[in-house]
Amino acid sequence: MKKSVYTFAIALISMTFAITSCSSSIPVESHWCVETLYANGDTIAIPAGHNPGISFLKGNKIAGETGCNIFFGDFEADGDKITFTNMGSTRMMCPQMEFENSYMNALNDISSFTIVQDTLTFKDKEGNIVAILKKSEPNALEN
C-alpha cells in the first residue's frame, strides 16, 4: 500500500511539473523575439540590427516586425495547432529582403507550436522546426 501511494505521489508531481513547464496555449498580450529561423532545413541568419518578433494580442490578433517592415493579422490556436490568417504588412524595400521574405514565408508554413518556459517553437506540417522564439517584454506594436 505504501508503495502504491508513493508511486501515485511521484506520478502526480511529475504530471504537475509537465503541465507547468510546457504549455499548449498562446498567452495573449505576449511578445516573442525570433532567435532562430529555418528554411528548407537551413538556418537563416538574422541580420545585425534586426529584431524580428511577433506579439499575440487580444481578439486573436497578431502584430510583429521583420526588422524592417511590420506585419499584422489574425491567429487561431487549438491545442498545439495554430494558423495565421488575414496577414498584411508594410512593403518597404530593405537591404535585407532575403531575411524579410524568409520570415514571412515561415509564418505561412507554421502549423503547430510548443511553449516550454520562455521558449516558443513553431513547427510546420511535417513537424520540422520553423522558428524558435524567446519571450520578451511587450513592444510598441501592442499599444
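Our subject is the structure listed above.
Summary of the structure given here.

The rules behind these values
- Residues numbered from 1 in each chain as written.
- Predicted model: local features only at pLDDT ≥ 70, side-chain atom pairs only at ≥ 80, totals over all residues.
- Heavy atoms only, no water.
- Helix = DSSP H or I, 4+ residues; strand = E, 2+ residues; numbered from the N terminus.
- Buried < 20%, exposed > 50% of the residue type's maximum accessible area, 1.4 Å probe, protein only.
- Contact = heavy atoms within 4.5 Å.
- Areas by Shrake-Rupley, 256 points an atom, 1.4 Å probe, with all protein chains shown as cover.
- Core = buried A, V, L, I, M, F, W, Y, C linked by side-chain atoms within 4.5 Å.
- 1 Å grid on protein atoms, 1.4 Å probe; cavity = no way out; pocket = protein on both sides within 12 Å on 5 of 7 lines; lining within 4 Å.
- Points joined across faces, edges and corners; volume = space filled by probe spheres on them.
- Nonpolar A, V, L, I, M, F, W, Y, C, P; charged D, E, K, R; others polar.
- Polar contact = N/O pair within 3.5 Å; in protein donor to acceptor, adjacent residues only side chain to side chain.
- Salt bridge = Lys/Arg side-chain N within 4 Å of Asp/Glu carboxyl O.

Another point: the overall build of the chain. Looking only at helices and strands, the chain features two helices and 10 strands. Going from the N terminus to the C terminus, the chain shows its helices and strands as α-β-β-β-β-β-β-β-α-β-β-β. Of all 143 residues assigned to the chain, the portion counted as buried reaches 38%. The contacts of the chain with a sequence gap of at least 6 include a subset with a gap of at least 24, amounting to 52%. Summed over all atoms, the accessible surface of the chain reaches about 8,800 Å², with 56% contributed by carbon and sulfur.

Ranked by internal contacts, the top residues of the largest apolar core, which has 25 residues, are Ile54, Phe56, Ile82, Phe84, Leu120 and Phe122. When residues of this core are traced back to their parent elements, those giving at least two are β2 (30-39), β4 (53-57), β6 (70-78), β7 (81-89), α2 (97-109), β8 (112-116), β9 (119-123) and β10 (129-136). It is α2 that provides the largest number of residues to this core, a total of five residues.

As a volume, the largest pocket reaches approximately 240 Å³. What lines the largest pocket is Tyr38, Ala39, Asn40, Gly41, Ser102, Asn105, Ala106, Asp109, Asp124, Asn128, Ile129 and Val130. For the lining of the largest pocket, the secondary-structure elements that each account for two or more residues are β2, α2 and β10. With four residues, the top contributor of residues to the lining of the largest pocket is α2. Each residue belonging to the lining of the largest pocket can be placed in one class, and the counts come to five nonpolar, five polar and two charged.

A positive phi angle, near 65°, is found at Glu29, a position not held by glycine. Following the sequence through the fold, Glu29 ends up in the loop between β1 (22-23) and β2. In this structure, Asn40 is a non-glycine residue whose phi angle is positive, near 55°. Note that Asn40 resides in the loop between β2 and β3 (42-44). By relative accessible area, which is 82% here, Asn40 ends up exposed.

This part covers the environment of Lys61. Looking at the element boundaries, Lys61 is found in strand β5 (residues 61-65). In this structure, the C-alpha to C-alpha distance between Lys61 and Phe75, residues 14 residues apart in sequence, is 6.0 Å. Each residue touching Lys61, except ones within four places of it in the same chain, is listed here: Ser55, Phe56, Gly73, Asp74 and Phe75. Side chain to side chain, Lys61 and Asp74 meet in a polar contact 2.8 Å long.

Applying the stated criterion across every chain yields a total of one cavity of 30 Å³ or more. Approximately 30 Å³ is the volume attributed to the largest cavity. When contributions to the lining of the largest cavity are tallied by element, the ones reaching two or more residues are α2 and β10. Considering every element that reaches the lining of the largest cavity, the biggest residue donor is α2, with three residues. Split into classes, the residues belonging to the lining of the largest cavity amount to seven nonpolar, no polar and no charged.

Another point: the pattern of salt bridges. With the rule as written, the count across this model stands at three salt bridges. Measuring nitrogen to oxygen at the nearest pair gives 3.8 Å for the salt bridge that ties Asp80 to Lys81. A relative accessible area of 48% places Lys81 in the partly exposed class.

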